[in-house]
Amino acid sequence: MIHSLFLINCSGDIFLEKHWKSVVSQSVCDYFFEAQEKAVDVENVPPVISTPHHYLISIYRDKIFFVSVIQTEVPPLFVIEFLHRVADTFQDYFGECSETAIKDNVVIVYELLEEMLDNGFPLATESNILKELIKPPTILRSVVNSITGSSNVGETLPTGQLSNIPWRRAGVKYTNNEAYFDVIEEIDAIIDKSGSTVFAEIQGVIDSCIKLSGMPDLSLSFMNPRLLDDVSFHPCIRFKRWESERVLSFIPPDGNFRLISYRVSSQNLVAIPVYVKHMISFKENSSSGRFDVTIGPKQNMGKTVEGVVMTVHMPKAVLNMNLTASQGSYTFDPVTKVLTWDVGKITPQKLPNLKGIVNLQSGAPKPEENPSLNIQFKIQQLAISGLKVNRLDMYGEKYKPFKGVKYLTKAGKFQVRT
Amino acid sequence: MPYLGSDEAVRELKRVLANPHVQADRLRYRGAVLRAVRLMARGADVSPLFPELLRARAAPDPAQKRLAQLYVGAHARGQPELALLAVNTLRTDCAHPSPLLRGLALRGLCALRVPGIQEYIRQPLLNGLRDKASYVRRVAVLGCAKMQSLQGDSEVDGALVNELYSLLRDPDPIVVVNCLRALEEILRQEGGVVINKPIAHHLLNRMADLDQWGQSEVLAFLLRYTPRSDEELFNILNLLDGYLKSSSPSVVMAATKLFLVLASEYPHVQTDVLVRVKGPLLAACTSESRELCFTALCHVRQILGSLPGHFSSHYKKFFCSYSEPHYIKCQKMEVLCELVNDENVQQVLEELKGYCTDVSVELAQGAIFAIGSIARTYTEQCVGILTELLGLKQEHITSAVVQAFRDLVWLCPQCTEAVCQALPSCEEIVQDSEGKQALVWLLGVHGEKVPNAPYVLEDFVENVKSETFPAVKMELLTSLVRLFLSRPAECQDMLGRLLYYCIEEETDMAVRDRGLFYYRLLQAGVEEVKRVLCSPKSDPSLGLLEDQAERPVNTWASDFNTLAPIYGKARWAVITADWAAEPRCARSPSAIPSASRAVTASSSEPLISEGNKEVFEVHPDSSSHTLIPYAHLSAEQFEKTWMSLDVSCKQALPWHGAAHPDTLQTALQVVHIQTIAMSKAGAQPWKAYLSAQDDAGCLFLVELLLEMENSEMQVLVKQSEARAEALQSFLVVLRTVMGTVVGLRS
């Protein structure tokens, strides 16, 4: 299925290659580079390229292209999803999925790839199981290793592979039994000039961290399960039970995993927690313009909006900007023309404001289009859709676990047009 | 990348690895091996270290074994003699008490890939298949496939295949999936793994235990199984229902495909399925991973081709956001064009209008063309927007708008007036070839409605010497002759000048010839010119053809979740045709072999196994009707007879994908049907002419015509004597052959 994998950085160096069948020459990447040249901007390389003898399916993650070489007809989504899984695993192991991290841990990377695929077919991809086969590097462990002579390679077969339930290993034991759930919601929205919502949607996930001994059988119920439009589940969840009773019933995997992901898309349900008042104008026949933006809270259910950052891609003709921020700090990069304003917390008494003069290149025509503002923010202890966990019950084991639920709302692709 | 000072480092490392003191110290030894692997990863030439690392592989430290194996696997091909030395160590490790090491050693053995290795790995593999640790069995099963690929084309080992089939009942889910994968590879020549009823039901029951990769592969394998009854079919569909809502998009897609294919006779079930996967598909379209998003969008377009209204209420999901890459934006614009309806047209157009002023020329023009195609249904609004865009006086925008106008007036004559009013003053802005051609064409065809048309064209004639594009000059000639017919007084003079220039001074031959052609045509008289040039100015019927009626789901169900939706059907056919044709070119230099050559060319090909040959021969014998071998007919004779006869039978047979002339020819040869002529593999449309004679002297002439779009083979039969039962039995033979060839390939 997957013949070979090449990792390529932004400057076009192939810095790692791995072949699961016969060796495919690096020259196959030339087709990729050709497409890259054609696309002008690196990010615009199409994910599927056909060459006379192979297909190249690639993903772009954290400034690295993962280019896989395929020789037979395959479902494209399968390969794309798998490549993302590889990148996720690197992220999980090294804390970041960057070129330096991969180069520093090149031996572990090879070992991981060897275990994840055999003869081009996905084999072990669950992070729990992989971590038992190959231990992730930590500073402490490398010190311990060099003293005791042990290594980061597991020496016994992971028990998870022998359990009846593929996602949970047998014989788990903890002294403190804990189950934590994080309800995280991201708002994707496009707000138009006048402040009305063009498009809004909530993408939510429930990430769990379960450290429970034995084989616990959990059921989680919500106050308002009808809110959820489209739900996709971790394989451990009993689908029939959800369909009939709207209860999540499952034997959890051990450790961290994503329990469900869902969407709430009916527009009247999506609250927009911030508003932006903006005045961006360029004068005809003059080399300057005005910039005035205020951000304020709206529909935030009494919680504080924090971690607010605004980024704006200014038009090419902008030379520099002289602004004053009533709160936080701003930077303008004259090369990429990106204005970043780090606002911080919004206090309703004194709304943060950024205003001043925009200097244009002299003689350049007035920019056609006003820039759009991308906004990030966070609201702690609130799921903006109103989703609430009702209760968590455990069956099958005798002990009393410690339970916890946290809520967080974030901005996803939140864009304000001006 | 060459690594500076690597030679020195390698020599040093060789010394360290060979040092017995180092070898005695576990830690230092492993450190040295680690350094060697690091060097290898950086691209240094570490092949001189091979013998030392082989020895390191044999040391008891498991971590070190693993490291050394990374190295040995990568370098074994370069040094086959030395690699054979590794076999012993690895075979010993195959009996190690730790299952992890057994698996590792087995994988190492299969990775050696040096000639003659098969005899050494066979026994450890067979032991591995019966190992009690599932980890080892997983490795061993895939190892069987690797061993087969090492052997090349040699005979498939029946015992091994049986062993693998029985391992499909293994308690470990990954072993089961690996068995399928391995069998598929080993039996590729014979059409892959066979899924019969017990296997299908066994797999269905195991589905819940598999990981997402296994699930989506098993769903793909289940496509091969056809349920016997409707009851069984719906049972299967019920069992698999949950997978339509899986969290992994690839499982969702694989399940959708299986549903669509299985329910091919129940259109309402197919529609229901598509409604059910709407949610997951839309989620994938707005997913964080842009590649997933792109692929999902391609599939959305595919679905929209059959169910135009399917995503209309979700049109806002397909609005582009600023930071998306171009390929996603382009897909989204095309999706928007297809799902436009009376309710959302206003918003969609507003949105597309926003994209028209995008910084990227490609996107801006794409958006304008998108508006142009929506204009076929919602003419008035769109023409208004397009006219407004002309006011921006941007070169690329104006050019695209003019091109959109040209395509539009051809399909929607009612908007001609509006377009003609918008045209003046464009000529100063349009600079590129395409835009100029479109403008000149519009002025020529609808010149009588644009008051200053002759003057605009006059400017073009004045500057014709500095015009760089020959295509524009040709268009200018045609346009000016047309305009001359409707407004002779204003055009006569400049037409003369243009013709003079084209004939006397132009260096491009095509333009010169076109000039001469019009000159001679004009000599024949104005009436004659009018007769030739004044074709209809628009053809709304073409529009109906273009936004073709909804294609039934079944036309694309088998392509769903493959690469075909990404490329589009037409381009996909071209790509796959190239693939099929390539290895063939070397063997048959002439693509249309004569009937006599075909015998020698095909006799050496193992394309039809013995088993299949029997099928062919049974049929001619079972009927009272036999075709005589070696009834040769030359191409001339064939042509003469073909012309003189009437069609006695016309039929369509199902056919998937491209034709494979060699396979078909060999197959026909077996039943004594001669091939007179055939198109190359991948030709569009693909044709073949065949002939045959029966024992009663009746001659059959056949034409095969394959049109890729409707996946059917048109068969046309002519007969020298009208005998109905002879014709029937001939058709039976022909159909069997074709059916078998299709079966062989899919």
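Residues numbered from 1 in each chain as written. Chains lettered and ligands numbered in written order. Predicted model: local features only at pLDDT ≥ 70, side-chain atom pairs only at ≥ 80, totals over all residues. Heavy atoms only, no water.

We now examine the overall build of chain B. From N to C terminus, chain B includes 39 helices and five strands. In chain B, which comprises 746 residues, the proportion classed as buried is 55%. In chain B, 66% of the contacts between residues at least 6 apart in sequence involve partners at least 24 apart. When the accessible area of chain B is evaluated, it comes to approximately 32,800 Å², of which 54% is carbon and sulfur surface. (Helix = DSSP H or I, 4+ residues; strand = E, 2+ residues; numbered from the N terminus. Buried < 20%, exposed > 50% of the residue type's maximum accessible area, 1.4 Å probe, protein only. Contact = heavy atoms within 4.5 Å. Areas by Shrake-Rupley, 256 points an atom, 1.4 Å probe, with all protein chains shown as cover.)

In many reports, interface size means the accessible area that the parts give up when they come together. Here chain A is partitioned into domain 1 (2-148), domain 2 (178-270 + 382-416) and domain 3 (274-380). For domain 1 of chain A and domain 2 of chain A, the distance between their C-alpha centres works out to 30 Å. (Domains from an automatic or database assignment.)

Moving on, we get to the sheet that holds strand 1 (residues 647-654) of chain B. Residue and element names in this part refer to chain B. Read across the sheet, five strands follow the order 1-5-4-3-2 without closing on themselves; strand pairing throughout is antiparallel. The open sheet has two edge strands with one neighbour each: strand 1 and strand 2 (674-678). Averaged over all neighbouring strand pairs, the angle between strand axes comes to 20 degrees, with direction disregarded. Examined bridge by bridge, strand 4 (residues 699-707) and strand 5 (residues 712-719) share eight bridges and lie antiparallel to one another. Within strand 5, the position partnered with Val702 by the bridge is Val717. Along the sheet, helix 37 (residues 635-644) makes contact with strand 2, strand 3 (686-693), strand 4 and strand 5, crossing strand 4 at roughly 90 degrees. Sheet strands touched by helix 38 (residues 661-670): strand 2, strand 3 and strand 4. Its angle to strand 2, the strand with the most contacts, is close to 160 degrees. (Pairing = 2+ DSSP bridges. Axes fitted to C-alpha atoms, helices over the stretch in contact; angles between N-to-C directions.)

It is worth spelling out empty space enclosed by the protein at this point. Empty space among the atoms can be located by rolling a probe the size of a water molecule over them. Counted by the stated rule, this structure contains seven cavities of 30 Å³ or more. Within this model, the largest cavity holds a volume of roughly 140 Å³. As for the largest cavity, its lining consists of 13 residues, of which Phe199(A), Lys413(A), Ser321(B), Glu324(B) and Lys332(B) are closest to the centre. The greatest single-element share of the lining of the largest cavity, amounting to three residues, is contributed by strand 8 (residues 178-191) of chain A. Here the lining of the largest cavity is built from residues that sort into five nonpolar, two polar and six charged. (1 Å grid on protein atoms, 1.4 Å probe; cavity = no way out; pocket = protein on both sides within 12 Å on 5 of 7 lines; lining within 4 Å. Points joined across faces, edges and corners; volume = space filled by probe spheres on them. Nonpolar A, V, L, I, M, F, W, Y, C, P; charged D, E, K, R; others polar.)

What follows is about the confidence of the model for chain A. All names here are of chain A. On average, residues of chain A score 83 in pLDDT, and 91% of them are at 70 or above. Taken element by element, chain A is modelled with least confidence in helix 6 (residues 139-148), mean pLDDT 54, and with most confidence in strand 5 (residues 64-70), mean pLDDT 92. Low confidence marks residues 157-162, where pLDDT is under 50. Its contacts with residues over four positions away, or in another chain, come to 22 contacts. (pLDDT = per-residue confidence, 0-100.)

This part is about the environment of Pro97(B). Tracing the sequence through the fold places Pro97(B) in the loop between helix 6 (80-93) and helix 7 (99-111). When the C-alpha positions of Pro97(B) and Thr507(B) are compared, they lie 84 Å apart, and in sequence the two are 410 residues distant.

All names here are of chain A. Within the open sheet, the four strands sit side by side as 14-15-20-17. Their pairing is antiparallel. At either margin of the open sheet sits one strand with a lone partner, and together these are strand 14 (274-282) and strand 17 (318-325). For this sheet, the mean inter-axis angle between neighbouring strands, taken without regard to orientation, is 15 degrees. In this sheet, strand 20 (residues 353-360) lies alongside strand 17 in antiparallel orientation, the contact comprising seven bridges. Looking at the pairing, Ala325 lines up with Leu354 of strand 20.

Right, let's get into the interface of chain B and chain A. In this complex, chain B contributes 84 residues to the contact, which on the side of chain A involves 90 residues. With both sides pooled, the region where chain B packs onto chain A buries about 7,500 Å², and carbon together with sulfur makes up 56% of that total. Residue Lys317(B) is joined to Glu201(A) by a salt bridge in which the shortest nitrogen-to-oxygen separation is 2.0 Å. Inspection of the chain B/chain A interface yields 23 residue pairs in polar contact (both at pLDDT 80 or more). Of the residues assigned to the side of chain B that touches chain A, the class counts are 36 nonpolar, 22 polar and 26 charged. (Buried area = accessible area lost by both parts, 1.4 Å probe. Salt bridge = Lys/Arg side-chain N within 4 Å of Asp/Glu carboxyl O. Polar contact = N/O pair within 3.5 Å; in protein donor to acceptor, adjacent residues only side chain to side chain.)

The subject of this paragraph is the packing of aromatic side chains. Considering all chains together, one arrives at 24 aromatic pairs over all chains under this definition. Ring geometry for Tyr93(A) versus Phe94(A): centroids 6.2 Å apart, planes at 65 degrees, classification edge-to-face. Considered together, Tyr93(A) and Phe94(A) belong to a single accessibility category, that of buried residues. A centroid spacing of 6.1 Å and a plane angle of 45 degrees characterise the contact between Phe50(B) and Tyr71(B), whose relative ring orientation is tilted. Separated by 21 residues along the polypeptide, Phe50(B) in helix 4 (residues 50-58) and Tyr71(B) in helix 5 (residues 62-75) bring together distant segments of the chain. Across the pair, exposure class does not vary: Phe50(B) and Tyr71(B) are buried alike. Positioned over the ring face of Trp642(B) is Lys718(B), at 4.1 Å from the centre of the ring. (Phe/Tyr/Trp six-rings, centres within 6.5 Å; stacked < 30°, edge-to-face > 60°. Lys NZ or Arg CZ within 6 Å of the ring centre and 35° of its normal.)

One rule of thumb: low pLDDT means the predicted coordinates there are not for detailed reading. Residues and elements named next belong to chain B. Chain-level pLDDT for chain B is 80 on average; 87% of the residues reach the 70-or-more range. The least confident element of chain B is helix 35 (residues 595-603), whose mean pLDDT is 36; the most confident is helix 15 (residues 249-262), at 91. Confidence drops under pLDDT 50 across residues 581-624; counting only partners more than four residues distant or on other chains, this segment forms 50 contacts. Both scores are available for the predicted complex, with the pTM at 0.71 and the ipTM at 0.71.

So, about the packing of helix 20 (residues 345-355) of chain B against helix 21 (residues 361-374) of chain B. Residues and elements named next belong to chain B. The interhelical angle for the contact between helix 20 and helix 21, taken along N-to-C directions, is 150 degrees, at an axis separation of 8 Å. The pairing of helix 20 with helix 21 is recorded here as roughly antiparallel in orientation. For the element pair helix 20 and helix 21, the recorded crossing hand is left-handed. Residues Val348, Leu349, Leu352, Lys353 and Tyr355 of helix 20 touch helix 21, and the partners they reach there are Ala364, Ala367, Ala370, Ile371 and Ile374. (Parallel < 35°, antiparallel > 145°, perpendicular 65-115°, else oblique. Left-handed = near helix turned anticlockwise from the far one by under 90°.)

Below, the discussion takes up the side chain of Asn353(A). Residues and elements named next belong to chain A. Looking at where Asn353 falls in the secondary structure, it is placed in strand 20. Only 3.0 Å separates the side chain of Asn353 from the side chain of Thr294, close enough to count as a polar contact. Those residues in contact with Asn353 that lie beyond four places of it in its chain are Asp292, Val293, Thr294, Thr324, Ala325, Ser326, Gln327 and Trp341.

In this section: the pattern of salt bridges. Residue and element names in this part refer to chain B. One pass over the full model with this rule turns up 44 salt bridges over all chains. A salt bridge links Arg102 to Asp131, with the shortest nitrogen-to-oxygen separation between them at 2.8 Å. Note that Arg102 is positioned in helix 7 and Asp131 in the loop between helix 8 (118-129) and helix 9 (134-151), a separation of 29 residues in sequence. In terms of burial, Arg102 and Asp131 fall into one category: buried.

With that settled, consider helix 21 of chain B. Residue and element names in this part refer to chain B. With 14 residues, helix 21 should reach 20 Å at 1.5 Å per residue; the first-to-last C-alpha distance of 20 Å fits that figure. Turning to helix 21, its buried residues number three or more, namely Leu363, Ala364, Gln365, Ala367, Ile368, Ala370, Ile371, Gly372 and Ile374. Along its buried surface, helix 21 packs onto helix 19 (326-338), helix 20, helix 22 (379-390) and helix 23 (395-411). (Expected span 1.5 Å × (residues − 1).)

Here the focus is unusual backbone geometry. Positive phi, normally seen in glycine, also occurs at Arg246(A), with a value near 60 degrees. Tracing the backbone through its elements, the reader meets Arg246(A) in the loop between helix 7 (239-245) and strand 12 (247-250). Although it is not a glycine, Asn561(B) adopts a positive phi angle of roughly 60 degrees. Its location among the elements puts Asn561(B) in the loop between helix 32 (554-557) and helix 33 (564-567).

A few words on the nonpolar core. Counting 252 residues, the largest nonpolar core has Phe66(A), Phe90(A) and Phe318(B) as the members making the most contacts within it. Broken down by element, this core gets its largest block of residues, 11 residues, from helix 2 (residues 76-94) of chain A. Counting contributing residues, this core receives three or more from each of domain 1 (2-148) and domain 2 (178-270 + 382-416) of chain A. Non-local contacts of Phe318(B), meaning those with residues more than four positions away in its chain, are made with Leu282(B), Cys285(B), Leu297(B), Val300(B), Phe311(B), Lys332(B), Val335(B), Leu336(B) and Leu339(B). Counting 72 residues, the second-largest nonpolar core is a separate cluster that includes Leu212(A), Val274(A), Ile346(A) and Phe414(A). (Core = buried A, V, L, I, M, F, W, Y, C linked by side-chain atoms within 4.5 Å.)

This part covers the side chain of Lys316(B). Note on placement: Lys316(B) falls in the loop between helix 18 (290-306) and helix 19. The side chain of Lys316(B) sits in the buried core without any salt bridge; Glu351(B) is the nearest counter-charge, 8.6 Å away. Of the polar contacts made by the side chain of Lys316(B), one reaches the backbone oxygen of Val198(A); its length is 3.0 Å. (Lys, Arg positive; Asp, Glu negative; His and termini not counted.)

Moving on: the packing of helix 23 of chain B against helix 25 (residues 433-445) of chain B. Residue and element names in this part refer to chain B. It is at 8 Å that the axes of helix 23 and helix 25 come closest, and there the two elements cross at 40 degrees. Of the possible angle classes, the one that applies to helix 23 and helix 25 is oblique. Crossing of helix 23 over helix 25 shows left-handed handedness. Contact residues: Ser399, Val402, Gln403, Phe405, Arg406, Val409 and Trp410 in helix 23; Glu434, Gly435, Ala438, Leu439, Trp441 and Leu442 in helix 25. Tallied by class, residues from the contact of helix 23 with helix 25 come to eight nonpolar, three polar and two charged.

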